[in-house]
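Fold and contact review
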There are 2 protein chains.
Amino acid sequence: MPQLIPEPLSRTAFAPYGEVMMLEGARHYPINQGTTERYHALACADTQSEGGQTILSVFRAQPRRLPLPVTIMERHPLGSQAFVPLSTDPEHAYLIVVAPAGEFEPQQMRAFIARGWQGVNYGKGVWHHPLIALHSVSDFLVMDRMGQGNNCEEVALDGSWVLQAR
Amino acid sequence: MPQLIPEPLSRTAFAPYGEVMMLEGARHYPINQGTTERYHALACADTQSEGGQTILSVFRAQPRRLPLPVTIMERHPLGSQAFVPLSTDPEHAYLIVVAPAGEFEPQQMRAFIARGWQGVNYGKGVWHHPLIALHSVSDFLVMDRMGQGNNCEEVALDGSWVLQAR
C-alpha cells in the first residue's frame, strides 16, 4: 500500500505548489511610527480571472485520524486559495497533501506538515486534499476567489494511497 | 479635552466604515464531505483599482497604553485593508478609531473595541488610526493592496482628542 509521509513545510519544498506564509525569512520593515513591524506580502492572491473577487472566509475543520486513506483531491482552476490557522499554539499542526497542476497523477502526491500558524497559498489549479486538521476542531482563515465559473474540480481515488503520521 | 470611548464592535455599528469579520451571524454551510464548515465571505477585498494585487501580510504590533492621544489618522485611497488578529484568546482585544471617507473631520471619529479574533476590513478611503494593540505584542494577518500609486495618506492631529479605556 503506497504511503504518504509528511515532510516539514518549507518555502523551498513547497515552491512547486504555492507560497508558505511564515515570519522566518520574510521581508519586514517598521511602519506606523515604529510601533508595528510589517512582514510584507507573505502571499499574493491570484483570483481575478473571469471577474473573480478576493474574499476572506473562515473554515472550521473537524480533526481527522491517521492513517487517512486519500480518497479525494481537488483543485480550483480559477484561483489561488490560502489557509492560515487561527491558532497561536506552536504545537498546533495540520497536514497538507498536494500534487502539481495539470493532469492528476497519484504518484506525484506529496504530504507536508504545517506547524503553529504557518499558512499555505495553493497556486491556481494545484491539486490538494481538503483540510486535514489534527487533534482538535481548528479554525482557518481562508483567502480565495468568489465569482462566476466552475472553480472546483475533484478527482476520486480508490483509497490505496494512505497518509501516515510522520 | 474631547474623549473617544470605545464602543463594542458590531456589523451594524461598523457598517459605515467597512466589514466586521466574526462567526456570529455569518452565512455558513458544510463543505469537504461534511468535515468542514465554511463561514463564507466575511470580508471582500476592494484592491484592484489601478492594477492592484491583493496580498496577505503579518503586522506585529507593540501594545499601546491608554489614555492615548490621537495624533495621526491615515487612509488608503486605492484599496480596502483587513485585519484579523492571530489570537484565539477570547480575552484578547484591540482598539479601532475610524472616521468616514472623504474630508477628515475629527468630530466624526468613533472608537471600537474588537475582542478575540474579531477582524475588520476598512473600506477604501476610510480614515483609521494605525493598529492599537493592547497588553501584549500582537500579530495580525492583514489583507490589503500591493501596486503602483500613492495608497497611504496621513493627517496629523494636535493630540487634543484622547482615546480612553471603556
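Conventions adopted
- Residues numbered from 1 in each chain as written.
- Chains lettered and ligands numbered in written order.
- Predicted model: local features only at pLDDT ≥ 70, side-chain atom pairs only at ≥ 80, totals over all residues.
- Heavy atoms only, no water.
- UniProt positions renumbered as here; feature names shortened; annotations may be inferred.
- Contact = heavy atoms within 4.5 Å.
- Buried area = accessible area lost by both parts, 1.4 Å probe.
- Salt bridge = Lys/Arg side-chain N within 4 Å of Asp/Glu carboxyl O.
- Least-squares fit on C-alpha atoms with pLDDT ≥ 70 in both.
- Phe/Tyr/Trp six-rings, centres within 6.5 Å; stacked < 30°, edge-to-face > 60°.

Looking at an unreviewed UniProt entry, chain A carries the name Ureidoglycolate lyase, with the source organism given as Undibacterium griseum. Looking at the Sequence similarities (unreviewed entry) heading of the UniProt record, one finds this comment for chain A: "Belongs to the ureidoglycolate lyase family." UniProt, in the comment section headed Catalytic activity (unreviewed entry), describes chain A in these words: "(S)-ureidoglycolate = urea + glyoxylate".

Section: the interface of chain B and chain A
Many structure descriptions define interface size as the accessible area lost when the parts assemble. Opposite the 47 residues of chain B that make contact, chain A presents 47 residues. Regarding the contact of chain B and chain A, the summed buried area is about 3,900 Å², with carbon and sulfur atoms giving 58% of it. The largest contributions to the chain B side of the interface with chain A come from Leu56(B), Arg60(B) and Leu86(B), which together make up 16% of the buried area. On inspection of chain B and its partner chain A, the count reaches two salt bridges.

Regarding the relation of the copies chain B and chain A
For the pair chain B and chain A, the relating rotation is 180 degrees, the translation along its axis is 0.0 Å, and the fit reaches an RMSD of 0.0 Å. The superposition of one copy onto the other is thereby described by a two-fold rotation axis. Looking at the interface residues of chain B, 100% of them are also at the interface in chain A, so both copies use one shared face.

A short note on the packing of aromatic side chains
Centre-to-centre distance and the angle between the planes together describe a pair of aromatic rings. Evaluated as defined, the whole model comprises 18 aromatic pairs over all chains. These aromatic residues form a ring-pair network of at least three members: Phe14(A), Tyr17(A), Phe59(A), Phe83(A), Tyr94(A), Phe112(A), Tyr122(A) and Phe140(A).

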